[in-house]
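# Examining the three-dimensional arrangement
Residue-level listing of the chains:
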Amino acid sequence: MTVFLKYNKGYKWYTKEGLSFKGYFYIDNTFYEAKNAVEYLTDALKTKTFKNITQSLNGIFSIVFSDKTTTHISCDISRTFPLFYTYQNNSVVVSDSSAFLKEAYKLNEVDAVAEIEFKTSNHTHGSKTLLKNLYQLQASEYLVFEDNTIINRSFLFSYAVKTKSKINYLDLKKQAVTQFENAFKRFVNSLQNKTVVIPLSSGLDSRLIAVLLKKYNYKNVVCYTYGNKNSFEIENSKKTAKTLGFKWYFIPYTEDLIANFLVTDQFKEYTHFAGKYSSMPYLQEFFALQYFKKDNLVPEDSIFVPGFAGDILGGSEFLKLPKNIKTKKLNELLFTLKFNNNPITKTQRKTLEKEIQASLEKLDNAYTQKIPSSVFEDYNIKERIAKYIFNSASQYLFFEYHFRFPFWDKNLLDFFKTVPENYKQHKILFNDILINEYFKPYNVYFNDTLQPKHQSVFIQQIKNQIKPYLPVFIKENLIKKQDWNNYEPITKQMLLSMQKKGASVKRSYNNYNEIITQWYIYIVKNKLS
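An account of the accompanying structure is given in this report. In this text, all values refer to a predicted model and were calculated from it rather than measured experimentally. (Residues numbered from 1 in each chain as written. Predicted model: local features only at pLDDT ≥ 70, side-chain atom pairs only at ≥ 80, totals over all residues. Heavy atoms only, no water.)

Moving on: the packing of aromatic side chains. Inspection of every chain in the model, using the stated rule, returns 58 aromatic pairs. Taking the centre distance of 5.5 Å and the plane angle of 75° together, the rings of Y253 and F287 count as edge-to-face. Residue Y253 is located in the loop between β14 (247-252) and α8 (255-258), and its partner F287 is located in helix α10 (residues 286-295); the two are separated by 34 residues in the primary sequence. Of the two residues, Y253 and F287, both sit in the buried class. Aromatic pair F286 and F399: ring centres 5.4 Å apart, planes at 55°, arrangement tilted. (Phe/Tyr/Trp six-rings, centres within 6.5 Å; stacked < 30°, edge-to-face > 60°. Helix = DSSP H or I, 4+ residues; strand = E, 2+ residues; numbered from the N terminus. Buried < 20%, exposed > 50% of the residue type's maximum accessible area, 1.4 Å probe, protein only.)

Right under this line is the structure:
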């Protein structure tokens, strides 16, 4: 068995006594990263098993450990530092670079099922990648290889539960506030007075990060917003930063900023670094980070802190979920809600529903004994949230920045997975805490940014059903009206490059991601230069 660890952008690999580590973690309230993390882990291995150690870690990490007969690989629930493997000549090769494995072993055949998954959901599912014989370590997965065979496959964390908390609302709220406070104290203590940079939207998650930094008297904070100069995000973001006394930047995505980006060597490198043959290369912050780097707006050792994925803790998925979810119908529900980025045939739908069913069983062979909505959330966290949302942290790594994800504190996850469904509906508990414990006391409560009411969601669902039958020019106008990040001129370059090569592009006009996913697949197939 061979291991090649190639990437040291942002976070670096550290190795000692057969163990390689990248990322950070907390033990209780003590922060570990770099050499300190490796030394802690190698010392712990003297008395504990590798699996027990990794299962106890609260952080963002990937680890590779080899002893005399076995190799162990694992990562946290965010899968921010993905690992890949391929079978070659009765041997297994592991690497953090899917591009390296593709080139070194000429892995050029596209997996047809993975391609459909990618087009419909912005990423591949399970251990598949877009290429045959190239596999990925899944979110929170633990693999053990012996004699070039996987002898142990399990998951270190699950969001699926058999029962929910039964304590009364006020006590539950007190516990939730305590969990937030403890998680953010750990987070603030890890910063070591470095500059914190917050991508501050008008939403709740990034605003809570800003408020808690203010509460703990952390002064070295920079906030920024980006995209369309007419974006609704700007006013509340600017107001929040000003009220809290933090520096604020707006980076407009102008024609000059994005001109000809598609043909630059930098963006071509980023495409492979972020796409990994498994996820859509995320563009949303690419130009803002490029701007920060070029103009030296923040120190090189700054720590970026996005609001990934606080709304999931609160229960944002429950607005989409029907009541009384049936376990037997989970694969169909997941397909309907998570595979809608690109139109496909009925035969392809049946294929994907079978794949989803197989994934549910692999993630947890006892999933039928768990609460169906929590199984839905677990699948979503390990698939879309890990491979789409957290994979977007590739932007920070590419530009050599570190990051923290305070909402993905393991103790917070463990707490919120037990919150009863009726308190997740409309994010009742989550919003109550954010608004009344943090936003109002710090004068940053803007009631126009709350989660939409159920009636509004229902109306939007009706509009979505009507939309496919509208003329193209109306659908184009509708999508442009919601284009706060100026994706239209960005993806137009991709659209033109495909059209010049005679490549067909399917449009449903639901969003601009449908263009990016098709463009990336053509790149993978070497049909675009």
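The rest of the description comes next.
With respect to the helices and strands, D432 occurs in helix α18 (residues 428-439). Take D432: its relative accessible area is 16%, and that puts it in the buried class. Reaching out from D432, the side chain makes a polar contact with the side chain of K173 at a distance of 3.1 Å. Within polar-contact distance, the side chain of D432 engages the side chain of N436 at 2.7 Å. Not counting the four nearest positions on each side in its chain, D432 is found in contact with Y169, K173, K427 and E437. (Polar contact = N/O pair within 3.5 Å; in protein donor to acceptor, adjacent residues only side chain to side chain. Contact = heavy atoms within 4.5 Å.)

The end-to-end C-alpha separation of helix α13 (residues 346-363) is 26 Å, in line with the 26 Å expected for 18 residues at 1.5 Å each. For α13, the complete set of buried residues consists of L352, E353, I356, S359, L360 and L363. An end-on view of α13 places all buried positions within 120° of arc, on one side of the element. Exposed residues on α13 whose side chains face more than 90 degrees from its buried face are T347, K350, K354 and K362. The inward-facing, buried residues of α13 abut α4 (112-121), β11 (149-155), α12 (330-338) and α14 (372-389). (Expected span 1.5 Å × (residues − 1). Arc of directions from axis to C-beta.)

Here the focus is the sheet that holds strand β9 (residues 135-136). The strand order across the open sheet formed by four strands is β1-β8-β7-β9, and the pairing between neighbours is mixed. Both edges of this open sheet fall to β1 (2-4) and β9, since each of them pairs with a single strand only. Summarising the sheet, strand β7 (residues 84-88) and β9 pair through two bridges and their orientation is antiparallel. When the bridges of β9 are listed, Y85 appears paired with Y135. (Pairing = 2+ DSSP bridges.)

Moving on, we come to the pairing of strand β13 (residues 221-227). The side chains of a regular strand alternate between both faces of the sheet. Most of β13 sits out of view: seven of its seven residues are buried. Neither face of β13 is left uncovered, since the one carrying V221, C223, T225 and G227 and the one carrying V222, Y224 and Y226 both have all their residues buried. Taken together, strand β12 (residues 196-199), helix α6 (residues 204-215) and β13 form a β-α-β motif whose crossover is right-handed. Examined bridge by bridge, β13 and β14 share six bridges and lie parallel to one another. Within β14, the residue paired with Y226 across the bridge is I251. For the handedness criterion, the β-α-β arrangement of β13, helix α7 (residues 233-244) and β14 is classed as right-handed. (Right-handed = clockwise from strand over helix to strand, strands pointing away.)

The final tally for this structure, using the stated rule, is 25 salt bridges. Close ionic contact of K46 with D43 constitutes a salt bridge, the shortest N to O distance being 3.5 Å. Assessed through its relative accessible area of 63%, K46 is described here as exposed. Among the salt bridges present, the one from D378 reaches K382, with a minimum N-O distance of 3.3 Å. With D378 and K382 both in helix α14, this residue pair falls four residues apart, about one helical turn. (Salt bridge = Lys/Arg side-chain N within 4 Å of Asp/Glu carboxyl O.)

A few words on empty space enclosed by the protein. If you walk through the whole model with that rule in mind, you get four cavities of 30 Å³ or more. Looking at the largest cavity, its volume works out to about 160 Å³. Only α3 (98-104), α9 (265-275) and α15 (394-398) provide two or more residues apiece to the lining of the largest cavity. Its residues assigned to classes, the lining of the largest cavity comprises eight nonpolar, five polar and four charged. Of the pockets and cavities examined, the second largest cavity occupies roughly 120 Å³. (1 Å grid on protein atoms, 1.4 Å probe; cavity = no way out; pocket = protein on both sides within 12 Å on 5 of 7 lines; lining within 4 Å. Points joined across faces, edges and corners; volume = space filled by probe spheres on them. Nonpolar A, V, L, I, M, F, W, Y, C, P; charged D, E, K, R; others polar.)

Quick look at α6 now. Over its twelve residues, α6 runs 16 Å from end to end, which matches the ideal 16 Å to within 8%, given 1.5 Å per residue. Among the twelve residues of α6, ten are classified as buried, and the element is accordingly described as predominantly covered. Within the sequence span of α6, burial applies to L204, D205, S206, R207, L208, I209, A210, V211, L212 and L213. Of the surrounding secondary structure, the elements contacted by the buried residues of α6 are α5 (169-189), β12, β13, α7, α11 (310-314) and α18. Looking one or two residues beyond α6, the residue adopting positive phi is N217, at roughly 60°.

Spatial strand order, β14-β13-β12-β15-β16: five strands in an open sheet with parallel pairing. For this open sheet the edge positions go to β14 and β16 (402-403), each flanked by a neighbour on one side alone. The sheet contact formed by β12 and β13 spans four bridges and is parallel. What sits directly across from V196, in β13, is V221. Relative to the sheet, α6 contacts β12 and β13, its axis offset from that of β12 by approximately 150°. (Axes fitted to C-alpha atoms, helices over the stretch in contact; angles between N-to-C directions.)

Although it is not a glycine, A34 adopts a positive phi angle of roughly 50°. As for its position among the elements, A34 is in helix α1 (residues 34-44). Take A34: its relative accessible area is 23%, and that puts it in the partly exposed class. With phi around 65°, N193 is a residue other than glycine that occupies positive phi space. Locating N193 in the fold gives a position in the loop between α5 and β12. Of the residues examined, N193 reaches a relative accessible area of 60% and is grouped as exposed.

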